[in-house]
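Here is how the chains run, residue by residue.
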Amino acid sequence: MEFSLTDEQTMIRDSAESLLADLSDSAAVRAAMQSEVGHDPAVWRTVAEELAWPALAVPEAHGGLGLGPVELALLMEQMGRRLFCAPFLASACLATLALRCVGENAAQQRWLTEMASGRRVATLAFGSAQPWGPETLSVVATPTAGGYRLDGECRQVLELQAADLVLVAARLPGSHDARGVCLFAVEADADGVTRTPLPTLDQTRRLGRLDLAGVDVAAAARVGAEGEAWAGLEQCLRVGAIMLAAEQLGGAQACLDMSVAYTLERHQFGRPIAGFQAIKHRAAEMMLAVERARSAVYYAACVAAEALDPEGDSAVAAELPLASSLAKSEASETYFHCAAEAIQLHGGVGFTWEYDPHLYLKRARAGEGYLGTPAWHREQMARELLGETS
């Protein structure tokens, strides 16, 4: 694995940093979070048509750029720094990865091409409880003469209201383990589909509950082989957790940056408060935590690149469960720590609506539980280290 950034990767990072400073400043974030769909459709068209960001991880054969997890993580980090409001994590990360990891070529060609262009927004619904596991799948797929009938619900589905395609993980009747897991592509406006917005702490990211009542889908809507979707779906979720960790890393870095900037301009007793030892120590601790998280995130992204590459190093790819859990637990805890410190270091204005630290704190807290809490990921790490299989 190569741990230094290539010229192309550096360009992706720098251009995203520059563009998001304009597209997702504080005013844009506040306007998007108060809108009906939770993002600005015009901005989404811009990043899709002019910047091709939704195409980043889509294979070239399906109209994408054919890049990998490292490039995706670089982009997610910059989005996290700016609290970018868009269905990118849901569509360009989770749904795209699900089609790549589970879908056959026909399914990928059918949906990835439109997702790469940004014309179609997709999301992934994978259970009624967080984090993931075959036992959490609450949608049952009953075979019928022409395909399947889907019944059940999925909670906490990312950007459900904005999506027009939902990839639904379901189990065959009587199946409660990895055998019998299927993935289906369901049109969001199909008969029997109900989407309910959920009230959330983090107003910059929308969640919804998906209810399926006798939804008839054709056999062609099944993604991958019947009953064999779990291995690919689990790989998708592990890589998705790394992408969320990269976003959390960006948020933590933003909290550090805004805290340093504020303490340099805020004066007390005739001098900037950044000069006081207590402030210096807290800032230093924040920086150490951010750098630890950065190492974990980009190592995990490198491992994910090997895991998604058919010709990748199998020994490195085998580290994906451990690397993913390490990155997610470290980034989640670092983000919340830095956001809480930012509130404190901003003093009396830290929690006011006019300043931004509270927006980062809310996203940090809300993101801790999505795709696995730090405690859950630590348990997964312990299982991997100790060789436990159940």
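What counts, and where the lines are drawn
Residues numbered from 1 in each chain as written. Predicted model: local features only at pLDDT ≥ 70, side-chain atom pairs only at ≥ 80, totals over all residues. Heavy atoms only, no water. Helix = DSSP H or I, 4+ residues; strand = E, 2+ residues; numbered from the N terminus. Rg over C-alpha atoms; globule rule 2.2 N^0.38 Å. Buried < 20%, exposed > 50% of the residue type's maximum accessible area, 1.4 Å probe, protein only. Contact = heavy atoms within 4.5 Å. Salt bridge = Lys/Arg side-chain N within 4 Å of Asp/Glu carboxyl O. 1 Å grid on protein atoms, 1.4 Å probe; cavity = no way out; pocket = protein on both sides within 12 Å on 5 of 7 lines; lining within 4 Å. Points joined across faces, edges and corners; volume = space filled by probe spheres on them. Nonpolar A, V, L, I, M, F, W, Y, C, P; charged D, E, K, R; others polar. Core = buried A, V, L, I, M, F, W, Y, C linked by side-chain atoms within 4.5 Å. Arc of directions from axis to C-beta. Disulfide = S-S within 2.5 Å. Axes fitted to C-alpha atoms, helices over the stretch in contact; angles between N-to-C directions. Parallel < 35°, antiparallel > 145°, perpendicular 65-115°, else oblique. Left-handed = near helix turned anticlockwise from the far one by under 90°.

Brief notes about the overall build of the chain
- Secondary structure summary: the chain contains 12 helices and 10 strands in total.
- Expected size for 390 residues packed as a compact globule is a radius of gyration near 21 Å; at 21 Å, the chain falls within 12% of this value.
- Over its C-alpha atoms, taken along the principal directions, the chain stretches across nearly 80 × 45 × 35 Å.
- Buried residues in the chain amount to 53% of all 390 residues.
- Summarising the internal contacts of the chain: among those between residues at least 6 apart in sequence, 75% fall at separations of at least 24.

So, the pattern of salt bridges
- Applying the stated criterion across every chain, the model contains 23 salt bridges.
- Glu153 is the partner of Arg209 in a salt bridge, and the nearest nitrogen-oxygen pair spans 3.9 Å. Within this pair, whereas Arg209 is found in strand β7 (residues 207-218), its partner Glu153 is found in strand β3 (residues 147-158), the two being separated by 56 residues in sequence.
- Classification of Arg209 by relative accessible area gives partly exposed; the value is 28%.

Examining the layout of surface pockets
- In this structure, the second largest pocket encloses a volume near 310 Å³.
- In this structure, the second largest pocket is lined by 17 residues; those nearest its centre are Arg81, Arg82, Ala254, Met258 and Tyr360.

Quick look at empty space enclosed by the protein
- Following the criterion strictly, the structure yields two cavities of 30 Å³ or more and no others.
- Within this model, the largest cavity holds a volume of roughly 50 Å³.
- For the largest cavity, the full set of lining residues is Met76, Met79, Phe84, Ala86, Phe88, Leu89, Arg205, Glu247 and Arg363.
- Listing elements by their share of the lining of the largest cavity, those giving two or more residues are α4 (69-81) and α5 (88-102).
- A breakdown of the residues in the lining of the largest cavity according to their chemical character gives six nonpolar, no polar and three charged.
- The space that makes up the second largest cavity amounts to roughly 40 Å³.

Brief notes about the nonpolar core
- Judged by nonpolar contacts, the single largest core of 107 residues is most densely connected at Phe88, Leu124, Leu167, Leu183, Met243 and Leu371.
- Here this core takes 17 residues from helix α7 (residues 230-265), the largest share from any one element.
- Those residues in contact with Leu167, other than ones at most four positions away along the chain, are Ala95, Ala98, Leu99, Thr123, Leu124, Ala125, Leu183, Phe184 and Ala185.
- Membership of the second largest hydrophobic core comes to 22 residues, among which are Ala125, Ala141, Val157 and Val168.

Some thoughts on helix α3 (residues 41-50)
- Within the span of α3, buried status applies to Val43, Trp44, Val47 and Ala48. Angularly, the buried residues of α3 cover 130 degrees about the axis, an arc narrow enough to put them on a single face. Residues of α3 that are exposed and angled more than 90 degrees away from the buried face: Glu49 and Glu50.
- Buried residues along α3 sit against α1 (7-23), α5 and α6 (105-117).

Brief notes about the state of the cysteines
- This model, assessed by the stated rule, comprises zero disulfides.
- With no disulfide of its own, Cys93 has Cys236 as its nearest cysteine by sulfur position, at a separation of 9.6 Å.
- Exposure remark for Cys93: the relative accessible area of 0% places this residue in the buried category.
- Summary of cysteine pairing: Cys236 is not part of a disulfide, and the nearest cysteine sulfur, belonging to Cys101, is at 5.6 Å.
- For Cys236, a relative accessible area of 0% gives the class buried.

Describing the packing of helix α8 (residues 277-308) against helix α10 (residues 320-345)
- At a minimum axis distance of 8 Å, the contact between α8 and α10 shows a crossing angle of 155 degrees. One finds that α8 runs roughly antiparallel with respect to α10. For the element pair α8 and α10, the recorded crossing hand is left-handed.

Notes on unusual backbone geometry
- Of note in the backbone geometry, Ala52 takes a positive phi value of approximately 60 degrees without being a glycine.
- Inspection of the secondary structure puts Ala52 in the loop between α3 and α4.
- Given a relative accessible area of 22%, Ala52 falls into the partly exposed group.
- Residues other than glycine seldom take positive phi values, yet Glu159 does so here, at roughly 50 degrees.
- Tracing the backbone through its elements, the reader meets Glu159 in the loop between β3 and β4 (165-171).
- For Glu159, a relative accessible area of 5% corresponds to the buried category.

Just distances and angles here, no functional claims.
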